[in-house]
Amino acid sequence: MRPFVDMRRVFALMLIAASGWLFYRTANVWLGGVDHLLGPGVSALLDEPKFMFPAIGSALGLLGGLTIFFGGPGGALIALAGGVSVAGFALNLDQPVELSHFWDNQLAVGVVMLMLAAMTASISRGNQRSSSGDSDGPYSSGRRTF
């Protein structure tokens, strides 16, 4: 038996990691830690787009990645929306891409989120394993009809 690796879930895990990192980094820079996300300091930053776009985009990427990982529909679209909001806003601020520390750059992480969401969206959700015996294609139930 050949081991089956579901690349959709692998890309979803990488998307979860990238989005989670951006969410963590945004909370640390603007609030002083993730434990202050539900505190009164967030209400003062609701009108600050430099905080809101990365925070909402990374939360959407995280939600989309979790939806993809657990097999739900529409997760790639949610993650694409999050990546577009992060990368698009970083481009709007004329933020350069620094490749020496790309994990600290919002534009680089947003582009990675977009890339992972697009790769995940391009992979079909169906069963890709080929089964032995009579089958009607990759989405066969495995029952034989006589």
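Our subject in this report is the structure included herewith. Counting restarts for each chain: residues are numbered from 1 in the order of the written sequence. It should be noted that, the model being predicted, local features are given only for residues of pLDDT at least 70 and side-chain atom pairs only at 80 or more, the latter also being counted only at that level, while totals for whole chains, interfaces and linings use all residues. Side-chain metrics rest on all non-hydrogen atoms present in the structure, leaving aside hydrogens and water.

## Thoughts on the overall build of the protein
And step 1. Helix numbers and strand numbers start at the N terminus; a helix is a DSSP run of H or I with at least 4 residues, a strand a run of E with at least 2. Looking only at helices and strands, the protein features five helices and zero strands.
And step 2. Reading the secondary structure of the protein in the N-to-C direction produces α-α-α-α-α.
And step 3. Two residues qualify as a contact provided that any one of their heavy atoms is within 4.5 Å of a heavy atom in the partner residue. When contacts within the protein are restricted to residue pairs at least 6 apart in sequence, those whose partners lie at least 24 apart make up 61%.
And step 4. Here, Shrake-Rupley sampling with a 1.4 Å probe gives the accessible areas, and only protein chains in the shown set may cover a residue. When the accessible surface of the protein is summed, it comes to about 9200 Å², and 64% of that surface belongs to carbon and sulfur atoms.

## Considerations on helix α3 (residues 49-69)
And step 1. A helix is expected to reach a length of 1.5 Å times the quantity of its residues less one. When the terminal C-alpha atoms of α3 are compared, their 29 Å separation across 21 residues agrees well with the 30 Å that a helix rising 1.5 Å per residue should span.
And step 2. To sort residues, take the accessible area from a 1.4 Å probe on protein chains only and compare it with the maximum for the residue type: under 20% means buried, over 50% means exposed, and anything in between is partly exposed. Residues of α3 that are buried include every one of F51, M52, P54, A55, G57, S58, G61, G64, G65 and I68, and no others.
And step 3. The inward-facing, buried residues of α3 contact α1 (7-31), α2 (41-44), α4 (75-92) and α5 (106-122).
And step 4. Looking one or two places after α3, you find G71, whose phi comes out positive at around 85°.

## Structural notes on the packing of aromatic side chains
And step 1. Pairs were defined over the aromatic rings of Phe, Tyr and Trp, the Trp ring being its six-membered one, requiring ring centres within 6.5 Å. Orientation was assigned from the angle between planes: stacked under 30 degrees, edge-to-face over 60, tilted for the rest. Taken as a whole, this structure holds four aromatic pairs when the rule is applied.
And step 2. Measuring from centroid to centroid gives 5.9 Å for W21 and Y24, while their planes differ by 35°, and the two rings are tilted. A residue pair is termed a helical-turn pair when its members lie 3 or 4 positions apart in one helix, as W21 and Y24 do in helix α1 at three residues.

## Some remarks on the environment of W30
And step 1. With respect to the element layout, W30 can be found in helix α1.
And step 2. Counting along the chain gives 15 residues from W30 to L45, while the straight-line C-alpha distance between them is 8.5 Å.
And step 3. In contact with W30, not counting residues within four places along its chain, are L45, E48, K50 and F51.

## Describing the packing of α1 against α3
And step 1. Running from N to C, α1 and α3 cross one another at 155°; their axes reach a closest spacing of 8 Å. Classified by the interaxial angle, the pair formed by α1 and α3 is roughly antiparallel. Remark: the crossing between α1 and α3 carries left-handed chirality.
And step 2. Counted by class, the contact of α1 with α3 contains 16 nonpolar, six polar and three charged residues. Whenever a helix is involved, its axis is fitted only over the stretch in contact; in every case the axis is a line through C-alpha atoms, and angles between N-to-C directions fall within 0 to 180 degrees. Roughly parallel here means an angle under 35 degrees, roughly antiparallel means over 145, roughly perpendicular means 65 to 115, and every remaining angle is called oblique. Crossing handedness is read from the near helix: turned anticlockwise from the far helix by less than a right angle, it gives a left-handed crossing, and turned clockwise, a right-handed one. Side-chain classes are defined by residue name, with Ala, Val, Leu, Ile, Met, Phe, Trp, Tyr, Cys and Pro counting as nonpolar, Asp, Glu, Lys and Arg as charged, and the others, Gly among them, as polar.

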